[in-house]
Every structure is written in C-alpha cells, then in structure tokens.
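Summary of structural features
For reference, the chains in residue letters:
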Amino acid sequence: MAQSVTAYIALGSNLDNPLTHVTQACAEIDALPNTQVVDSSPWYISQAVGPGQQPDFINGALQLTTQLPAQTLLESLQTIENQHGRQREVRWGARTLDLDILLYGDDSIQTDTLTVPHPYLHKRNFVVYPLANVAPNLVLPNGTALAEVQAQLDDQGLQCIGRVYSQ
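Report follows, based on the coordinates. Every value quoted in this text rests on a predicted model; they were computed, and no experiment measured them. (Residues numbered from 1 in each chain as written. Predicted model: local features only at pLDDT ≥ 70, side-chain atom pairs only at ≥ 80, totals over all residues. Heavy atoms only, no water.)

**Some thoughts on unusual backbone geometry**
Backbone geometry follows two general trends: most residues other than glycine have a negative phi, and most peptide bonds adopt the trans configuration. Rule in force here: Put simply, DSSP H or I for four residues or longer makes a helix, DSSP E for two residues or longer makes a strand, and each gets a number counted from the N terminus.
A cis amide bond links Val116 to the next residue, Pro117, at an omega of 0 degrees. By the secondary structure assignment, Pro117 is in the loop between β7 (115-116) and α3 (125-134). Despite not being glycine, Asp16 shows a phi value in the positive range, around 50 degrees. Examined against the element boundaries, Asp16 turns out to sit in the loop between β1 (5-13) and α1 (18-30). For Asn17, which is not a glycine, the phi torsion comes out positive at approximately 60 degrees. Relative to the helices and strands, Asn17 is located in the loop between β1 and α1.

**Observations concerning the pairing of β1**
Just so we agree on the cut-off: Under the scheme applied here, a residue whose accessible area is under 20% of the maximum for its type counts as buried, over 50% as exposed, and between as partly exposed, the area being computed with a 1.4 Å probe on protein chains only. DSSP bridges decide pairing: two strands pair if at least two such bridges lie between them.
Among the 9 residues in β1, 8 count as buried, and that is most of the element. Two elements, β1 and strand β5 (residues 98-104), share 6 bridges in a ladder whose sense is antiparallel. Opposite Ile9, over in β5, you have Ile101 as the bridge partner.

**Considering α3**
Within α3, 9 of the 10 residues are buried, which leaves the element mostly enclosed by the surrounding structure. Among the residues of α3, Asn125, Phe126, Val127, Val128, Tyr129, Pro130, Leu131, Ala132 and Val134 are the ones counted as buried.

The structure is reproduced here in structure tokens:
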C-alpha cells in the first residue's frame, strides 16, 4: 500500500456562482480514491489578480491526506476543474474553478506540468491566509514558517466569509 502524504490544495472561483463551485469541489476532492479532506479553511472573498475587469474570487484551502502520487493528484484536480467548465484561454483569467496543489508533503517537484511548492504561494494573501487557517504551524519545505510568510503579507482586499464546507 502506498504511503499517505499530507497535501494542501488552494481553491478559487469567480464565475457562475463561485461559492457553489468551490464547495462542490471540496466534496469531489474528498471523494477521490485514497484521499481524505482533513480540514478546510473559511472562505475568503478576494479581488481578482489578472487581466481585465473580473468579478471577485471566492478562495479557500484544504488539507488532505492522500496516497495518490502528486502527478495523479494534479490530473484528478484538473478533471474536477474540467467537470466544472474550466476554460484555459487566458492566463489568470476569470474561471469557474481553479484547484492548485500548494504543497505535497515536503516534496519539491519541478516538471513540465507541476511545480510544488506552488511558485506564487508566498506572494498571494488569498492563498496564504486560508492556508494558515488549516495549518497555522506549517513550515514550508525551504524551512520558512508559514506564519512568517503571512506576517509579510497584509490582508488588504480579503474578506473572510466563514466556513461553508464541513467534511
């Protein structure tokens, strides 16, 4: 049997009833084979980062245990995105669902399709604040405490709207 790994997933949506997309995605992730949602953050409203005028995002984070290899987990998350009508036409454009692997154990992964830790994790308050809700004592693979990263980012543009998903 494969070893379980703790992974952290960022969720986001800003199209077609975003709260429904992210909440359903939590249940769909929890239903993946050999995967269990351990904890979920409250949802946050955040201003869109990307081209043009976009609606605000709903963002959150999940802590999982999984026996899926990182690449298989990525492919499973992309399948869920596709089932929610995700279009990949414009980088950082509006989307029905965005699921990113932030961390996969203590692994550092660099392939054509997957970079872990997520390359923008430390730059985005809409990722760090939800992640800190599920893992306040987390130490990143480079040895930096997540709390230290959070202290360097303000919460400007974030509005916590509370926990909506419970496993």
